[in-house]
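Observations on chain architecture
Next come the chains, spelled out residue by residue.
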Amino acid sequence: MTEKRQFRAIKGTRDILPPDSALWNWFEQTARDVFESYNFREIRPPIFEETDLFARSVGADTDIVGKEMYTFQDRDDSSVSLRPEATASVVRAYIEHGMHTLPGNAKLYYIGPMFRRERPQKGRYRQFYQIGAEVLGQSDAPAIDAEVLEMLLVLFKRAGLALTMLHVNSIGCKECRPKYVELLRQELLEVKDKLGADSQRRIDTNPLRVLDSKLPDEQSLIETLPRIADHLCAECRQHFSELKDELNLRGIAYEENWRLVRGLDYYTRTTFEVTAEGLGSQNAVCGGGRYDGLVELLGGHPTKGIGFAIGSDRAILSIQEGGQAPKLPGLAVFIAWMSAATYPAAVQIARKLRECGVS
Ligand code: HAM
């Protein structure tokens, strides 16, 4: 006899059950409505890709690629990975389908699961869901950055996400950033002994990520480090200043955060995150930024890009915790038949009501 065994969802994954699944559908539909009003259209890239696509775009030295991807050898010996994010796939698709020949910017959104082998906790899962949007084209006008942020905040407002804050920064371009990173590296080497093991390692691999550190002991030291705003080239400074004008024009409140560097390598200039209250340490409900070099890095024509991804798990949690969840329609009619003689009528009435769209 085979042994009786109960299966459970794998650590870091979960079932989204009714009634929560209705809230998920409503949130995703609200995103579709808002994005389509800004003329974005849906793209559905595959859930797994060549491992190298992520290594090249997100960056081989990042935590995501180095430690968190679900990578496996396919039967033909090629290495494939479950997508940890979708910007790389969107850019791959943009190049593969020659979308640069289409008139205007490509404005694309996606909704679906992503996979990262992180330590699970509240708001952090190994299979989680993102709603993302990307703009690809020839212009890097700050008005595009601002419009993308406007769209994101319109969605959050419509969905009732309580107490969010937009943090923005500019991390420069391939001209000015390397010089700043080198300066940062030199300064960090001087204080290496005072840093924790992770930060010490990052001095070599990616000094910018030291600015991300949440270690209490490192905070006062990090505050004394050189800031990128003082080292941007004239064009990047101008771009950031125009972005802030464009945000003001749209009445969008923001906080400048010089330590917002993001954990993916493809960013240039604008970076941003939206945090929400009540989520504990995993309080970023959305992250994004500009990635003007990525299309070329993946073999396409020089193209500008900007986008974001919302963490749906966290957004939904924030809607629920803020008490803002909408009351979604439930069952409208309940039919009870009183005897065997009325049963046929009950079956027919139920069917007719459903045909008319009544639940
Ligand atoms: P990201 O900051 O890595 O950016 O992820 C975006 C959002 O996904 C985060 O702010 C968070 O809400 C959610 N998220 C990330 N990891 C987890 C997890 N383990 N569990 C739950 N939620 C999570 C990107 O993925 C970029 N592709 C965004 C982007 C698009 N940049 C330009 N275009």
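Given the structure is predicted, the values throughout are model-derived calculations rather than measurements.

1. Focus: the sheet that holds strand 3 (residues 71–73)
Strand order in this open sheet of 3 strands is 2-4-3, and the pairing throughout is antiparallel. The open sheet has two free edges, formed respectively by strand 2 (48–50) and strand 3, since each of these has just one partner strand. Between one strand axis and the next, the sheet turns through 35° on average, direction left out of account. By the bridge criterion, 3 bridges tie strand 3 to strand 4 (residues 79–82) in an arrangement that is antiparallel. Its bridge partner being in strand 4, Gln-73 is matched across the sheet by Ser-79. Against the sheet, helix 2 (residues 51–59) contacts strand 2, strand 3 and strand 4, and its axis sits at roughly 80° relative to strand 2.

2. Digging into the site of the ligand
The environment of the ligand is made up of 27 residues, and the closest members are Glu-85, Glu-118, Glu-134, Tyr-267 and Ala-284. For the ligand, a nitrogen atom lies 2.8 Å from a polar atom in the side chain of Glu-134. Residue Gly-307 places a main-chain N or O atom 3.4 Å away from a nitrogen atom belonging to the ligand. Within the complex, 96% of the 660 Å² of free accessible area of the ligand lies under protein. Those elements that provide at least two residues to the shell around the ligand are strand 6 (127–137), strand 10 (284–290) and strand 11 (304–311). Of all the elements, strand 10 adds the most residues to the shell around the ligand, at 6 residues.

3. Focus: the packing of aromatic side chains
A full pass over the atoms with the stated rule returns 7 aromatic pairs. Centroid distance Phe-35 to Phe-308: 5.9 Å. Interplanar angle 70°. Geometry classified as edge-to-face. In this pair, Phe-35 is assigned in helix 1 (residues 20–37) and Phe-308 in strand 11, connecting sequence segments 273 residues apart. Taken as a pair, Phe-35 and Phe-308 share a single burial class, namely buried. Here the aromatic residues Phe-35, Phe-40, Tyr-109 and Phe-308 are joined through ring pairs into a cluster of three or more.

What counts, and where the lines are drawn
Residues numbered from 1 in each chain as written. Predicted model: local features only at pLDDT ≥ 70, side-chain atom pairs only at ≥ 80, totals over all residues. Heavy atoms only, no water. Pairing = 2+ DSSP bridges. Helix = DSSP H or I, 4+ residues; strand = E, 2+ residues; numbered from the N terminus. Axes fitted to C-alpha atoms, helices over the stretch in contact; angles between N-to-C directions. Contact = heavy atoms within 4.5 Å. Near = heavy atom within 4 Å. Polar contact = N/O pair within 3.5 Å; in protein donor to acceptor, adjacent residues only side chain to side chain. Areas by Shrake-Rupley, 256 points an atom, 1.4 Å probe, with all protein chains shown as cover. Phe/Tyr/Trp six-rings, centres within 6.5 Å; stacked < 30°, edge-to-face > 60°. Buried < 20%, exposed > 50% of the residue type's maximum accessible area, 1.4 Å probe, protein only.

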